[in-house]
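Residues per chain, in single letters:
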Amino acid sequence: MNTLRTTVLLAGMTALFMGVGYLIGGEGGMVMALGLAVAVNAFAYWNSDKMVLSMQNARELSRSNAPELFDMTARLAERAGLPMPKLYLIDTDQPNAFATGRSPDVGVVAVTRGLVRHLDDREVAAVIAHELAHIKHRDTLVMTITATLAGAISILAQFGLFFGNRDNDSPLGLFGTIAMVLLAPIAAALVQMAVSRTREYGADKEGAAICGDPLALASALEKITAISRTRHNMPAEKAPAMAHMYIANPLSGARMDNLFATHPDPANRIAALKAMDAEMGTSGAGNWVSVAVRREPNAARTTPGWRTPGTHTRGSQNTKGPWG
């Protein structure tokens, strides 16, 4: 079903792309738009991870400078049945994370410095599990290609404003071109946002199952949402088209669960996770994954330090935070 939904989504985005081309230049414009859509898809397929990581100023972590984070991610990846993804660090104090990569074999998880600074061990593990769920379901490829196509549609529509009405092949004339310029990017953005919201709910559910700790993910979302209101993520602010890839909206402003939101309302996600925990009851006992992640006292240092991962079961009194 996930493959079918992905196919339908990409076909719909491509059809919208071709429709914009048709309104610009008739049948000739539609054919050119189809060729451009294929090229955009191919570029995004092979280069999406590099493009996103570069736009977010992420740098790759090695096991030598983040051994405990590597161990934690490896354990969670094993539970998810995935290869070990690459790990990247985004140097911002806003707690957040995202995943990218065209397939599980080349998966990438990027975390912000603020994530390991402000969240405790269970919460960090739950966030990583959420991102692994995106990789497992190949959401990363779909969401990146969708973002790329949405941006290309906006550019094509703007192109049509300046050149479309000069071509007699344009079927709707100047009025249609203006309508297209206004409506085509909105339509593309709505598809992009709807896809992101749906996949966030799915990744919450799968991520909670991977780490066995729905309440840890709920707590992580609460902290991320609260702290993000006072700490801006400048790499994300400079590339807002990629904001939907983060576990929570990294952009400043209201976070609303409506037609134009990039993410579901955190309160709705938290409620769903708490309901999942209630359904699990005691059946999840012993499945809880905890990996202690810790920053060294010097927050400005280039190389982050984490202590050795630990384990505990549900109901334990381990309340140490990431610096404990």
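Residues numbered from 1 in each chain as written. Predicted model: local features only at pLDDT ≥ 70, side-chain atom pairs only at ≥ 80, totals over all residues. Heavy atoms only, no water.

A. Focus on the overall build of the protein chain. Scanning the protein chain for helices and strands turns up nine helices and four strands. If you list the helices and strands of the protein chain from N to C, you get α-β-α-β-β-β-α-α-α-α-α-α-α. For the protein chain, with 324 residues in total, the buried portion stands at 52%. Counted over contacts in the protein chain with a minimum sequence separation of 6, partners at least 24 positions apart contribute 71%. (Helix = DSSP H or I, 4+ residues; strand = E, 2+ residues; numbered from the N terminus. Buried < 20%, exposed > 50% of the residue type's maximum accessible area, 1.4 Å probe, protein only. Contact = heavy atoms within 4.5 Å.)

B. Here's a closer look at the side chain of D49. By secondary structure assignment, the location of D49 is in helix α1 (residues 2–55). The side chain of D49 sits in the buried core without any salt bridge; K50 is the nearest counter-charge, 4.1 Å away. Leave out the neighbours within four places in its chain, and D49 touches T100 and G101. (Lys, Arg positive; Asp, Glu negative; His and termini not counted. Salt bridge = Lys/Arg side-chain N within 4 Å of Asp/Glu carboxyl O.)

C. Structural view of the packing of aromatic side chains. Taken as a whole, this structure holds one aromatic pair when the rule is applied. Ring centres of F98 and Y246 lie 5.0 Å apart, and the angle between their planes is 70 degrees; this geometry places the pair in the edge-to-face category. Of the two residues, F98 is situated in strand β3 (residues 97–100) and Y246 in the loop between α8 (234–238) and α9 (266–280); the sequence distance between them amounts to 148 residues. Like F98, the residue Y246 is buried in the burial classification. (Phe/Tyr/Trp six-rings, centres within 6.5 Å; stacked < 30°, edge-to-face > 60°.)

D. Quick look at the pattern of salt bridges. Applying the stated criterion across every chain yields a total of ten salt bridges. Here D93 ties to R231 by a salt bridge, and the two come within 2.5 Å at their closest N and O atoms. Taken together, the residues D93 in the loop between β2 (86–90) and β3 and R231 in the loop between α7 (214–228) and α8 connect sequence positions 138 residues apart. Take R231: its relative accessible area is 31%, and that puts it in the partly exposed class. Notably, a salt bridge pairs R122 with D213, separated by 2.7 Å at the nearest N-O pair. Of this pair, R122 sits in helix α4 (residues 121–136) while D213 sits in the loop between α6 (173–211) and α7, and the two are 91 residues apart along the sequence. On the basis of relative accessibility, which here comes to 25%, the residue R122 falls in the partly exposed class. Via salt bridges that share partners, D93, R117 and R231 belong to a single interconnected network.

E. Region of interest: the pairing of β3. Every second residue of β3 is oriented toward a common face, with A97 and A99 on one face and F98 and T100 on the other, all of them buried. The pairing of β3 with strand β4 (residues 108–112) spans four bridges and is antiparallel. When the sheet's bridge partners are listed, T100 is paired in β4 with V108. (Pairing = 2+ DSSP bridges.)

F. Broad picture of α7. With 15 residues, α7 extends 21 Å from end C-alpha to end C-alpha; this agrees with the ideal 21 Å at 1.5 Å per step. What α7 keeps buried is the set P214, A216, L217, A218, A220, L221, I224, T225, I227 and S228. (Expected span 1.5 Å × (residues − 1).)

G. Just the environment of L273, in detail. For L273, the location among the structural elements is in helix α9. For L273, a relative accessible area of 2% corresponds to the buried category. Expressed as a C-alpha distance, the spacing of L273 and A218, which sit 55 residues apart in the sequence, is 6.1 Å. When neighbours within four sequence positions are excluded, L273 is seen to be in contact with D204, A208, P214, L217, A218 and L221.

H. Region of the structure containing helix α2 (residues 67–80). For α2, built from 14 residues, the straight-helix expectation of 20 Å at 1.5 Å per residue is met to within 8% by its first-to-last C-alpha distance of 20 Å. Residues E68, L69, F70, M72, T73, L76, A77 and A80 constitute the buried set of α2. G81 sits one or two residues past α2 and shows a positive phi near 75 degrees.

I. Representation of the nonpolar core. If you look at the biggest cluster of nonpolar residues, it comprises 42 residues, and the most contacted ones within it are L76, V111, V127, I128 and L132. If you list the elements that add at least two residues to this core, you get α2, β2, β3, β4, α4, α6, α7 and α9. When sequence neighbours within four positions are dropped, the list of residues in contact with V111 reads L69, Y88, L89, I90, N96, A97 and I128. If you look at the next biggest cluster of nonpolar residues, it comprises 14 residues, including V108, A243, Y246 and L251. (Core = buried A, V, L, I, M, F, W, Y, C linked by side-chain atoms within 4.5 Å.)

J. Structural view of the environment of R117. Within the secondary structure, R117 sits in helix α3 (residues 113–118). Since its relative accessible area comes to 17%, R117 is described here as buried. Counting along the chain gives 22 residues from R117 to P95, while the straight-line C-alpha distance between them is 7.8 Å.

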